[in-house]
Structure formats: C-alpha cells, structure tokens
Amino acid sequence: MRALSRKHGNKSLNFSDEVLIKSLAVVRRLKEFESGGTMKRREFLRGTAAAAGCVWAYSPKLAFSQSADARIEVLLEERLGTISPNIYGHFAENLSGVIYDGIWVGENSKVPNIGGIRKELVDEMRKIKAPVVRFPGGCFADSYDWRDGIGPVDKRPRRTNFWNGGEAASAPDAHRYDPNRFGTNEFAHFCQLIGAQPYLAANLRSLPAEQFYRWVEYCNSPAGSTSLADERSAAGYKDPFNVRYWGVGNESWGCGGNFTPQEYAVEYRRFTAWVPSYPNAKDLSFVASGPNDDRWDWTRGFLEEIVRKGKGEVNNIYGLALHYYAWNLSRGKTNDWEKGKGDAVNFDAIDWYELLRQGDVMESLIKGHWLAMGEFDPEHHIKLVVDEWGPWYKPGSELTPGDQLEQLPTLRDAVFSGMTLDTFNRHPDKVGIGCCAQLINCLNSLYLAHEDRFCVTPVGYTFALYAAHQSGQAVRADFSAPSIHYDRDGNPASFWGLQGSASLHDKQLVVTAVNPSVKDALEAQIAVRGARISSGEASVLTGSDIHARNTFEQRQSVVPKPSQVRVDNGSAVFRFPAASVAKLTLQLA
Ligand code: AHR
C-alpha cells in the first residue's frame with residue numbers, strides 16, 4: 001500500500017481505488033503473461049485470483065435454490081446511474097465500403113434509397129434506436145476538408161482518400177478517390193432519417209482552427225444569419241443541423257498528428273477557445289482525442305497540461321475518447337500488429353475465449369482511465385467516450401472481396417459485443433458515449449451490404465436486444481457462476497461463466513447477459529432484492545455452431561428467438577444456452 005501511495009502522490013486511496021488498483025494489476029499481469037514474460041501460467045492465475053478477490057467478497061442473503069447452476073441477484077436499491085442512449089452509438093468512417101456502397105448508394109441507384117441513402121439500413125437503424133453516429137473518421141477525419149463535401153455536387157472536388165494506400169487495385173474509384181458526394185449535408189440527412197445525433201470529428205492535424213469553427217458555423221448558425229447558413233439553405237437545408245458533439249482530432253498520438261499528450265493539449269485548448277455557439281446548439285460538447293487502450297500516460301499527460309492553465313479548463317471538455325480494439329489472438333506469442341491478429345471465421349474454442357478475454361479488459365480500462373482522470377478532474381466533469389471499440393481480425397473474411405478492413409462477424413462477435421455493452425451499462429456514470437467500430441462493411445459491423453445485397457450481422461442483432469436498456473436506471477446485478485476452464489496450448493486457463501447488466505424502467509427490469517461457454521448451457525436463478533418477479537420473457541441470440549453467422553445468402557442463421565422464463569415464488573429461472581446473448585424482460589410486483 002505504501003508503494004501505491006507513492007505512485008499516486010498524496011492522494012489517499014479509498015476502497016474503490018483499492019479495488020481498481022487490483023484490477024489494473026490484473027491487466028498488467030495479463031499483458032505480461034501474453035507477451036510471453038517469465039511468469040508461469042499457475043502464478044498468473046493465483047495472482048489474478050488474489051488481485052480480484054475483494055470484488056467477489058460479497059455474499060448474497062436472498063434464498064437461492066441449490067439446484068441452479070448460477071445465480072443473478074439484482075439489488076434495486078443500488079442505483080448506478082441512468083444509462084445514456086449514447087452508449088449505444090455508432091461510427092461510420094469514409095473508409096472503403098463504409099460510406100460508398102454501405103450507406104450511400106446514390107439517388108439514381110436501383111437499390112431502394114431515400115435521397116441516395118440505403119433504405120434498408122435506415123429501416124434497421126430505426127429499429128435499434130441508434131442514438132448517435134460519429135463521422136467522417138477515424139484517421140480519415142484528420143485529412144478531411146469539410147468544405148469539399150458541401151455545395152453543388154457537380155462542383156465538389158475528388159480527393160485522394162486517406163485509406164487509398166491499403167485499397168486493392170480492383171477497388172471502386174470511390175474508395176480510393178473520395179468523390180465527396182456524401183458530405184456534411186448528406187450525413188446530417190442520414191442522422192435525421194434514423195433519429196440519431198450527429199457527432200462530427202474535426203481535422204486538427206491538417207486544417208487550421210478557423211476551419212473548425214467555420215464548420216460549426218455551417219452546421220449550427222440559424223437560417224439567414226451567416227453566409228455559410230445561406231450556403232446550407234441553398235443546398236436545401238434551411239434549418240441548422242444543431243450538431244452538439246464535436247471530436248477535436250482523432251488518435252492525435254498517431255495518425256492524427258503524432259503529438260505528445262502535452263502538445264495535443266495545447267492544440268486542444270487553441271481549437272476549442274471561443275468556438276461560436278448558436279441559439280439551438282448552445283452547449284457544444286467537445287471530445288478530446290484520448291488514449292489508446294491502457295496508455296495511462298496519455299490520459300495523465302493531456303489532463304496535466306490542460307489544468308496547468310487553470311482547474312476550470314476541464315469544463316471545456318465533454319469527453320475523453322478511449323479507443324480499444326481486441327486484436328491479439330496469438331496466445332502470447334507476439335505483440336506484432338500484423339502477425340498477432342486472428343481469423344474472423346476460422347477459429348477454435350481457444351480463439352473464442354482468447355477474444356473474449358481481450359474484450360473483458362474494457363472494464364479495467366474504463367476504471368483505470370477514470371481514476372487517472374480523477375487526479376485532475378476530481379468532480380469528474382469529463383466523461384469517457386469509447387468511440388472506437390470491437391474486435392479487429394486479419395483480412396480474408398470480407399463478403400465483398402477487396403473491401404478494406406471488412407470482416408464477417410460471427411456469434412463470437414455477438415457475445416463479445418454483448419459483453420462490452422454490459423460493461424458500459426455497469427458504468428453509466430463514467431461512459432458518456434460508445435461507438436462500435438464500425439457501422440457497416442468494416443470491422444465489428446452491425447450490417448453488411450454490397451450493391452442490392454444486405455444483411456444484419458449477429459452484432460446488429462445484439463444491439464437490437466440491448467436497445468431496451470436505453471435511458472433505464474442501471475442497478476447493481478451480481479452474477480455468480482462457475483468459471484469456465486480450458487486448455488490454452490497445454491496450459492490451464494479460465495474465464496468467467498456468466499456476466500451481464502440490469503436496468504430498471506418503472507416496474508420493468510431488463511437483464512442482459514452472455515454465456516461465454518462454447519458447450520455448456522447454464523441454468524440461472526434470478527432474484528431481485530426489494531421486489532418480486534411476477535412474470536418474465538426472454539429473447540436469445542445463439543447459433544447451431546460457434547462460427548454461426550449471417551451472409552447475403554443466409555440472412556437469418558443467427559437471429560434472436562423468444563425463450564421461456566420460469567417464474568416461481570417471486571424469483572425466475574432461465575436457461576442460458578451455450579455461446580449466447582440473452583435479454584430478459586421481467587415484470588416486478
Ligand atoms: O476504425 C479504423 C481505424 O482505427 C480508425 O480510422 C482509427 O481511428 C483507428 O486506428
């Protein structure tokens with residue numbers, strides 16, 4: 001404890017800090033183990049169990065049946081905060097098939113569209129209550145001039161896309177040379193159609209700050225008030241777009257300028273100083289480029305520099321963006337970005353668990369960065385904005401050959417996504433926005449599309465299930481289930497047996513959970529402290545096989561299906577199938 005105090009200066013550790021420090025120790029140990037360090041498997045497990053010990057010390061007092069495999073105890077009195085719908089947000093970058101083909105098909109296309117925007121996508125996104133969409137990048141954002149994408153379409157310039165270098169020679173022109181057909185107006189129209197808020201990422205690396213506030217002016221100044229508002233009206237958009245969320249650069253530690261955190265903080269202050277606000281979008285919410293996975297040094301370095309100018313400077317930051325991709329499936333053999341990646345569709349049970357283990361780190365990242373942020377922003381004015389998350393596999397599974405960074409999501413990715421959304425639900429006080437990377441035809445896509453073909457992936461159906469949590473009161477839910485043990489290339493390894501989240505909506509309780517076991521179903525008893533369950537229903541996403549997925553030809557292989565909840569004497573029993581994502585809707589008396 002003394003060593004910890006030294007590391008954290010004079011700040012005295014309270015209980016939750018202690019829990020967190022232990023979980024950070026788990027991350028460090030996991031990384032050391034995975035990078036092939038000297039630590040032996042058994043030492044890792046023993047140390048990890050000890051580190052996590054205090055988290056599991058709670059003993060439930062409700063009477064649980066002895067016959068169930070697992071227990072879920074919901075504590076209604078323990079409110080964690082309101083689940084912002086924005087946790088269920090999306091990310092659409094001008095990258096390969098995301099915009100051109102995925103979202104934009106053009107007004108004259110034979111593909112059903114609304115003003116050039118793929119209609120089937122709009123219909124699906126309405127169903128999942130899509131709250132917010134981030135655009136135009138990603139790395140693309142810091143090479144983008146928003147002015148290229150407004151004005152008469154036949155006058156818009158063609159530009160070399162940031163991602164041009166990775167495109168196949170056979171790739172469509174629109175993927176290599178941005179036609180700028182889909183710009184600010186079309187994006188705002190897309191957001192209006194689906195009922196989502198736009199979240200624009202501004203170019204900090206290669207445009208001056210002036211262009212940032214001119215873009216704000218174009219989007220938000222009232223009709224007739226400025227020349228840019230006139231330009232907007234001339235394009236058919238009289239009413240301002242009232243864009244509230246603005247990213248100030250993207251991955252500024254890398255493609256967004258290769259800054260140190262201190263250099264970026266100076267730029268951030270300059271870019272956000274005196275950005276004009278307008279009557280209907282008074283409170284702009286700026287999102288600062290934040291850390292990549294566990295780069296605590298970025299979080300600290302950035303905020304330390306920000307508050308050097310005064311403690312109040314934190315009030316000018318709505319959120320700090322955290323990016324975390326699960327990509328290293330090498331089982332500790334390498335940390336090489338290319339060599340460490342796994343295959344999206346050809347994998348075994350160990351790869352399944354390895355991916356989930358990687359994704360499970362999200363919880364420690366949220367807690368860790370939150371703690372670091374608290375050193376400079378003790379009142380926690382700044383939220384975490386996890387605006388890029390998901391698994392990242394090696395190329396080869398894309399349904400549209402040649403689409404860069406496209407991958408074919410399977411049931412594994414649905415379980416991964418459910419687990420991640422549950423993690424966000426458990427931290428509604430910390431996570432302000434979450435954006436799955438990416439919406440369509442890229443990485444952890446909810447949808448895949450090519451020309452007139454379209455399908456909802458298992459990830460898309462996971463979002464459909466979890467939409468029920470939006471705006472609910474997150475309440476504590478303790479999951480207790482036997483761990484899963486598996487053989488990791490000759491070494492014993494384990495993963496938790498059931499995990500999830502719960503939210504209250506008047507007298508209705510929504511519980512979501514994933515059963516990560518590749519082979520065993522799990523019967524769980526669910527009890528609510530402070531209420532009785534009077535009835536319940538469930539919807540479950542699973543498949544015939546852990547590799548199950550939807551394709552253009554087989555669109556319905558993995559779809560949510562209704563399932564029965566047994567209610568008896570005020571508590572409920574539900575059987576979670578192996579490799580599944582489930583939503584339970586329970587009525588409370
Ligand atoms: O999502 C793909 C890329 O991953 C984004 O452009 C970038 O921000 C991240 O590195």
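You'll find the structure just up there.
Now for a quick tour of the structure. Since the structure is predicted, the reported quantities are computational estimates derived from the model, not experimental observations. (Residues numbered from 1 in each chain as written. Predicted model: local features only at pLDDT ≥ 70, side-chain atom pairs only at ≥ 80, totals over all residues. Heavy atoms only, no water.)

Some remarks on the overall build of the protein
Within the protein one finds 14 helices and 26 strands. Counted over contacts in the protein with a minimum sequence separation of 6, partners at least 24 positions apart contribute 76%. (Helix = DSSP H or I, 4+ residues; strand = E, 2+ residues; numbered from the N terminus. Contact = heavy atoms within 4.5 Å.)

Details of the sheet that holds strand β23 (residues 561-564)
Backbone hydrogen bonds are what pair the strands of a sheet, in a parallel or an antiparallel way. Taken together, the 10 strands give an open sheet; going across it, the order is β23-β22-β26-β20-β19-β16-β1-β21-β25-β24, and neighbouring strands pair in mixed fashion. The two strands at the open ends of the sheet, each matched to only one other strand, are β23 and β24 (566-568). The mean angle between the axes of side-by-side strands here comes to 25°, regardless of whether they run parallel or antiparallel. In the sheet, strand β21 (residues 522-529) pairs with strand β25 (residues 571-576) via five bridges, with the strands oriented antiparallel. From the neighbouring strand, Ile526 faces β25, where its bridge partner is Ala572. Of the strands in this sheet, β16 (473-480), β19 (499-505), β20 (508-515), β22 (533-541) and β26 (580-588) touch helix α13 (residues 411-425), which is tilted by about 135° from β20. (Pairing = 2+ DSSP bridges. Axes fitted to C-alpha atoms, helices over the stretch in contact; angles between N-to-C directions.)

Re helix α12 (residues 362-374)
Compared with an ideal rise of 1.5 Å per residue, which puts 13 residues at 18 Å, α12 spans 18 Å between its outermost C-alpha atoms and is within 8% of the ideal. Of all 13 residues making up α12, 12 are buried, and the element is well covered by its neighbours. (Expected span 1.5 Å × (residues − 1). Buried < 20%, exposed > 50% of the residue type's maximum accessible area, 1.4 Å probe, protein only.)

A look at helix α10 (residues 296-308)
The first and last C-alpha atoms of α10 sit 18 Å apart over 13 residues, in line with the 18 Å expected at 1.5 Å per residue. Among the residues of α10, Trp296, Trp298, Thr299, Gly301, Phe302, Leu303, Glu305, Ile306 and Val307 are the ones counted as buried. Just beyond α10, the residue with positive phi is Gly310, at close to 140°.

So, the site of the ligand
Lining the immediate environment of the ligand, one finds Phe91, Glu93, Gly138, Cys139, Trp163, Asn250, Glu251, Tyr325, Glu388, Trp392, Gln438 and Leu443. Within the side chain of Tyr325, a nitrogen or oxygen atom sits 2.8 Å from an oxygen atom of the ligand. Glu388 places a polar side-chain atom, nitrogen or oxygen, 2.7 Å from an oxygen atom of the ligand. Relative to its free-state accessible area of 280 Å², the ligand is covered by the protein chains to the extent of 93%. Residue composition of the shell around the ligand, grouped by class: six nonpolar, three polar and three charged. (Near = heavy atom within 4 Å. Polar contact = N/O pair within 3.5 Å; in protein donor to acceptor, adjacent residues only side chain to side chain. Areas by Shrake-Rupley, 256 points an atom, 1.4 Å probe, with all protein chains shown as cover. Nonpolar A, V, L, I, M, F, W, Y, C, P; charged D, E, K, R; others polar.)

Thoughts on the pairing of strand β14 (residues 447-450)
Here β14 shows no split at all, with Tyr447 and Ala449 on one side and Leu448 and His450 on the other all buried. Across four bridges, the pairing between β14 and strand β15 (residues 453-456) is antiparallel. When the sheet's bridge partners are listed, His450 is paired in β15 with Arg453. Hairpin connection, β14 to β15: the antiparallel pair is bridged by two residues, and Glu451 has positive phi, about 50°.

Digging into the state of the cysteines
Counted by the stated rule, this structure contains one disulfide. Across the disulfide from Cys139 sits Cys255; the S-S distance is 2.2 Å. An S-S torsion of about -85° defines the bridge between Cys139 and Cys255 as left-handed. Placement of Cys139 in the loop between β5 (132-135) and β6 (159-160) and of Cys255 in the loop between β9 (245-248) and α9 (261-272) is noted, with a sequence separation of 116 residues between them. (Disulfide = S-S within 2.5 Å.)

Quick notes on the pattern of salt bridges
Within the structure shown, the criterion is met by 32 salt bridges. Ionic pairing is found between Arg476 and Glu78, a salt bridge with its closest N-O pair at 3.1 Å. With a gap of 398 residues between them, Arg476 in strand β16 and Glu78 in strand β1 (residues 70-82) connect regions that are remote in the sequence. Here Glu354 and Arg357 are joined by a salt bridge, their closest N and O atoms 3.8 Å apart. Here Glu354 and its partner Arg357 are both found in helix α11 (residues 349-360), three residues apart, which amounts to about one turn of the helix. In terms of burial, Glu354 and Arg357 fall into one category: buried. Here the salt bridges share partners, and the residues they tie into one network are Arg331, Lys333, Asp348, Asp351 and Asp489. (Salt bridge = Lys/Arg side-chain N within 4 Å of Asp/Glu carboxyl O.)

Observations concerning unusual backbone geometry
The omega torsion of the bond from Phe135 to Pro136 falls at 5°, within 30 degrees of zero and hence cis. Within the fold, Pro136 resides in the loop between β5 and β6. The amide bond that connects Gly137 to the next residue, Gly138, takes the cis arrangement and shows omega of 15°. Considering the arrangement of structural elements, one finds Gly138 in the loop between β5 and β6. Residue Asn180 is not a glycine yet carries a positive backbone phi of 60°. A positive phi is found at Trp274, a non-glycine position, where the angle reads about 60°. Assignment of secondary structure puts Trp274 in the loop between α9 and β10 (285-288). The exposure class assigned to Trp274 is exposed, which follows from its relative accessible area of 82%.

Quick word on the sheet that holds β5
One closed barrel accounts for eight strands, arranged β2-β5-β8-β9-β10-β11-β12-β13; its pairing is parallel. Sheet twist, expressed as the mean angle between neighbouring strand axes with direction ignored, is 25°. Each of β11 (319-326), β12 (383-391) and β13 (431-437) is contacted by α12, which is oriented at about 155° to β12, the strand it contacts most.

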